[in-house]
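Spelled out, the chains give:
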Amino acid sequence: MIKLEKFLKKYGFIILVLGFKFNVLGFFFYVESLETAYLLEFTSRDKIEKLESKQQIYNTIVDTVLILDAAILLFLIYYGIRKALK
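From a predicted model like this one, the values you see are computed outputs, not experimental measurements.

Draft legend 1. Just the overall build of the protein chain, in detail. On a plain count of helices and strands, the protein chain comes out with 2 helices and 0 strands. Here the protein chain has a C-alpha radius of gyration of 19 Å; the compact-globule value for 86 residues is 12 Å, and the former is much larger. By its C-alpha atoms, the protein chain is 60 × 20 × 15 Å across when sized along the principal axes. Across the 86 residues in the protein chain, those meeting the buried criterion constitute 13%. A fraction of 65% describes how many contacts in the protein chain between residues 6 or more apart in sequence connect residues 24 or more apart. As displayed, the protein chain has an accessible area near 7300 Å², and 70% of this comes from carbon and sulfur atoms.

As structure tokens, this is what we get:
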């Protein structure tokens, strides 16, 4: 655990900034996903396939962001409990 603490002291801020940027990117793709879903209701048949493929890509990216956020949250909870028990 000592190595992890040294790593977090050295690179903690950089990890925090990258995590924030990753979440902003996830929010951007979430908004794009909503716009694509809205456009799917009012488009013609020839554009629907293109929009559906975009929708699947956006949903995959948003789901990945949510899964990584949950993993980071669980790690922080684990790290906090471990630190509190010492």
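Draft legend 2. Structural view of a nonpolar patch on the surface. A surface patch of nonpolar side chains, amounting to about 460 Å² of accessible area, comprises Phe7, Tyr11, Ile14, Ile15 and Leu18. Assignment of secondary structure puts Phe7 in helix 1 (residues 2-42). Taking the relative accessible area as the measure of exposure, Phe7 reaches 40% and is therefore partly exposed.

Draft legend 3. Local environment of the packing of aromatic side chains. Evaluation of the coordinates by the stated rule reveals 3 aromatic pairs. Both rings, one in Phe29 and one in Tyr58, keep their centres 5.5 Å apart while their planes meet at 40°; by these two values the pair is tilted. Pair noted here: Phe29 is in helix 1 and Tyr58 is in helix 2 (residues 45-85), with a separation of 29 residues, a long-range link. With relative accessibility at 17%, the residue Phe29 sits in the buried group. Ring centres 6.0 Å apart and planes at 20° place the aromatic pair Phe75 and Tyr79 in the stacked group. With Phe75 and Tyr79 both in helix 2 and 4 residues apart, this pair spans about one turn of that helix. Of the residues examined, Phe75 reaches a relative accessible area of 34% and is grouped as partly exposed.

Draft legend 4. Representation of the environment of Phe7 within the structure. Taking C-alpha positions, Phe7 is 42 Å from Glu52, a pair spaced 45 residues apart along the chain. For Phe7, the contacting residues outside a window of four places in its chain are Gly12 and Ile15.

Draft legend 5. Region of interest: the side chain of Ser33. On the secondary structure map, Ser33 appears in helix 1. Residue classification places Ser33 among the buried residues on the basis of a relative accessible area of 6%. A polar atom in the side chain of Ser33 sits 3.1 Å from the side chain of Asn59. Among residues more than four places away in sequence, those in contact with Ser33 are Gln55, Tyr58 and Asn59.

Rules behind the numbers
Residues numbered from 1 in each chain as written. Predicted model: local features only at pLDDT ≥ 70, side-chain atom pairs only at ≥ 80, totals over all residues. Heavy atoms only, no water. Helix = DSSP H or I, 4+ residues; strand = E, 2+ residues; numbered from the N terminus. Rg over C-alpha atoms; globule rule 2.2 N^0.38 Å. Buried < 20%, exposed > 50% of the residue type's maximum accessible area, 1.4 Å probe, protein only. Contact = heavy atoms within 4.5 Å. Areas by Shrake-Rupley, 256 points an atom, 1.4 Å probe, with all protein chains shown as cover. Patch = residues over 30% accessible without salt bridge, like charges linked within 9 Å, V, L, I, M, F, W, Y side chains within 5 Å. Salt bridge = Lys/Arg side-chain N within 4 Å of Asp/Glu carboxyl O. Phe/Tyr/Trp six-rings, centres within 6.5 Å; stacked < 30°, edge-to-face > 60°. Polar contact = N/O pair within 3.5 Å; in protein donor to acceptor, adjacent residues only side chain to side chain.

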